[in-house]
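# Examining the three-dimensional arrangement
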Amino acid sequence: RDAILAVLAEELPAFGTVLEVASGSGEHAVHFATALPALRWRPSDPDADALASIDAWVAATGVANVAPAFRIDAAASDWPLEEADAVFCAN
């Protein structure tokens, strides 16, 4: 987590919205959002269990700059998000 965070801290904008594609459990989203509080994290995943896990991580930690997880199929041509200042995917 910290090695990825070090790169994100240098590459992401100072503030704005970050779309995370294929967020998985949500552990990384919470870690990165906590460390980068000027960014609003938008975690996403195509899997319902992953979405529930992401929201559980956010609820358990109380991190305020993570939006509710939402479904994105990266292979789809239409994504349910109008804009983002950065897109992140690790894997």
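Anything mentioned here points back to the structure above.
Residues numbered from 1 in each chain as written. Predicted model: local features only at pLDDT ≥ 70, side-chain atom pairs only at ≥ 80, totals over all residues. Heavy atoms only, no water.

Scanning the protein chain from N- to C-terminus turns up three helices and three strands. The dimensions of the protein chain, computed from C-alpha atoms along their principal axes, are 30 × 30 × 20 Å. Put simply, the protein chain has 91 residues, and 40% of those count as buried. Put simply, 70% of the contacts in the protein chain that link residues at least 6 apart link residues at least 24 apart. (Helix = DSSP H or I, 4+ residues; strand = E, 2+ residues; numbered from the N terminus. Buried < 20%, exposed > 50% of the residue type's maximum accessible area, 1.4 Å probe, protein only. Contact = heavy atoms within 4.5 Å.)

The subject of this paragraph is the sheet that holds strand E2 (residues 39-43). If you trace the three strands from one edge of the open sheet to the other, you get E2-E1-E3, paired in parallel fashion. With one partner strand each, in any of the chains shown, E2 and strand E3 (86-88) form the two edges of the open sheet. Neighbour-to-neighbour, the strand axes of this sheet turn through a mean angle of 25 degrees, independent of strand direction. The sheet contact formed by strand E1 (residues 16-20) and E3 spans three bridges and is parallel. Bridge pairing links valine 18 to alanine 86 in E3. The strands touched by helix H2 (residues 27-35) are E1, E2 and E3; relative to E2, the strand with the most contacts, the crossing angle is about 175 degrees. (Pairing = 2+ DSSP bridges. Axes fitted to C-alpha atoms, helices over the stretch in contact; angles between N-to-C directions.)

Here the focus is H2. Within the sequence span of H2, burial applies to Ala29, Val30, His31, Phe32 and Ala33. In the core, the buried residues of H2 are packed alongside helix H1 (2-11), E1, E2, helix H3 (48-61) and E3.

Turning our eyes to something else, we now look at the side chain of aspartate 45. Its place among the elements puts aspartate 45 in the loop between E2 and H3. The side chain of aspartate 45 sits in the buried core without any salt bridge; arginine 71 is the nearest counter-charge, 8.1 Å away. There is a polar contact of 3.0 Å between the side chain of aspartate 45 and the backbone nitrogen of aspartate 47. In this view, aspartate 45 contacts Ala22, Ser23, Gly24, Ala50, Leu51, Ile54, Phe70, Arg71 and Ile72; residues no more than four positions away in its chain are not counted. (Lys, Arg positive; Asp, Glu negative; His and termini not counted. Salt bridge = Lys/Arg side-chain N within 4 Å of Asp/Glu carboxyl O. Polar contact = N/O pair within 3.5 Å; in protein donor to acceptor, adjacent residues only side chain to side chain.)

All chains considered together, the criterion is met by three aromatic pairs. Pairing phenylalanine 32 with phenylalanine 88 gives two aromatic rings, centres 5.7 Å apart and planes at 90 degrees, and the pair type is edge-to-face. You can see phenylalanine 32 sitting in helix H2 and its partner phenylalanine 88 sitting in strand E3, a full 56 residues away along the chain. Each member of the pair, phenylalanine 32 as well as phenylalanine 88, is classed as buried. In this structure an aromatic cluster arises from ring pairing among Phe32, Trp41 and Phe88. (Phe/Tyr/Trp six-rings, centres within 6.5 Å; stacked < 30°, edge-to-face > 60°.)

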